[in-house]
Amino acid sequence: MSEKKDVPPTILMMELDDDTRPLLKLNLSNRGYHVISALQEEDAIALARGVRDRPELILLNQVNLPIDQVINIGRRICQGAELPSSTPIVVMAERYGEDMEGKDIKVGESEYVTYLEDGEQLMNLLHRLCPV
């Protein structure tokens, strides 16, 4: 007989900013997520492979790269860590126009870009893609 364990969904977060990373991790943890964080793509792949509870969502911050390059980083992490291709990849956009504020854009089969109006928008998207 197998028992279903109550474990929170795991998010793999790649965030370079030393000030943002701990705050974002704390906010996600307070919302019920288990968060593993990485600074670089190679680290993210190694971490995703090495954890018992595989990431159910990849969260990336766009830093000085075009959005399509950041999405490709997410795809390479999924492939390298042997995660399902359906694993959602969420990119937090660095810059956006006013017309995009408050909107989440689906840019692929399981890739999304969120243009943060406030932190609640990100949390709503994550909850929709990876319910707690």
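See the structure printed just above.
Residues numbered from 1 in each chain as written. Predicted model: local features only at pLDDT ≥ 70, side-chain atom pairs only at ≥ 80, totals over all residues. Heavy atoms only, no water.

> Help me understand the pattern of salt bridges in this model?
Where charged atoms from two side chains of opposite charge come close, those side chains can pair. All told, the structure shown has 5 salt bridges when counted by the stated rule. For Arg21, the salt bridge is made with Asp18, and the minimal N-O distance between the two is 2.5 Å. Judged by its relative accessible area of 16%, Arg21 falls in the buried class. (Salt bridge = Lys/Arg side-chain N within 4 Å of Asp/Glu carboxyl O. Buried < 20%, exposed > 50% of the residue type's maximum accessible area, 1.4 Å probe, protein only.)

> Any chance you could explain the pairing of strand S2 (residues 34-38) here in plain terms?
Working note: regular strand, side chains alternate between the two faces of the sheet. In the sheet, strand S1 (residues 10-14) pairs with S2 via 5 bridges, with the strands oriented parallel. Within S2, the position partnered with Met13 by the bridge is Ser37. Assessed by its sense of winding, the connection that carries the chain from S1 through helix H1 (residues 20-30) to S2 is right-handed. (Pairing = 2+ DSSP bridges. Helix = DSSP H or I, 4+ residues; strand = E, 2+ residues; numbered from the N terminus. Right-handed = clockwise from strand over helix to strand, strands pointing away.)

> Looking at this structure, I do not really get the sheet that holds strand S4 (residues 89-92). What am I missing?
Backbone hydrogen bonds are what pair the strands of a sheet, in a parallel or an antiparallel way. Reading across the sheet, the 6 strands line up as S2-S1-S3-S4-S6-S5 and stay open at both edges, with mixed pairing between neighbours. What marks the edges here is a single partner per strand, and that holds for S2 and strand S5 (104-106). When strand polarity is set aside, the average angle formed by the axes of neighbouring strands in this sheet is 20°. (Axes fitted to C-alpha atoms, helices over the stretch in contact; angles between N-to-C directions.)

> I'm lost on the packing of helix H2 (residues 41-50) against helix H3 (residues 67-80) in this one. Help?
Geometrically, a packed helix pair is captured by the angle between its two axes and the distance between the axes. Their axes nearest at 9 Å, the elements H2 and H3 cross at an angle of 35°. Relative to H3, H2 is oriented so that their crossing is right-handed. Across the interface between the two elements, Glu41, Ala44, Ile45 and Arg49 of H2 pack against Ile73, Arg76, Ile77 and Gly80 of H3. When the residues that make up the contact of H2 with H3 are grouped by side-chain class, the tally is 4 nonpolar, 1 polar and 3 charged. (Left-handed = near helix turned anticlockwise from the far one by under 90°. Contact = heavy atoms within 4.5 Å. Nonpolar A, V, L, I, M, F, W, Y, C, P; charged D, E, K, R; others polar.)

> I'm lost on the environment of Gly50 in this one. Help?
Its location among the elements puts Gly50 in helix H2. In sequence terms Gly50 and Ala81 are 31 residues apart; their C-alpha atoms lie 8.8 Å from each other.

> Sorry if this is basic, but what is going on with the side chain of Gln62 here?
Among the structural elements, Gln62 can be located in the loop between strand S3 (57-61) and H3. On the basis of relative accessibility, which here comes to 9%, the residue Gln62 falls in the buried class. For Gln62, the side chain forms a polar contact with the main-chain oxygen of Leu65, separated by 2.7 Å. (Polar contact = N/O pair within 3.5 Å; in protein donor to acceptor, adjacent residues only side chain to side chain.)

> What am I meant to see in the nonpolar core here?
Residues Leu12, Met14, Ala44, Ile58, Leu60, Ile77 and Val113 are the most contacted members of the largest nonpolar core, which totals 22 residues. The leading source of residues in this core is H3, at 5 residues. Once residues lying within four places of it in the same chain are set aside, the contact partners of Leu12 are Ile36, Ala44, Ala48, Pro55, Leu57, Ile58, Leu59 and Ile77. Ranked by size, the runner-up nonpolar core spans 16 residues in total, among them Met13, Leu24, Val35 and Val90. (Core = buried A, V, L, I, M, F, W, Y, C linked by side-chain atoms within 4.5 Å.)

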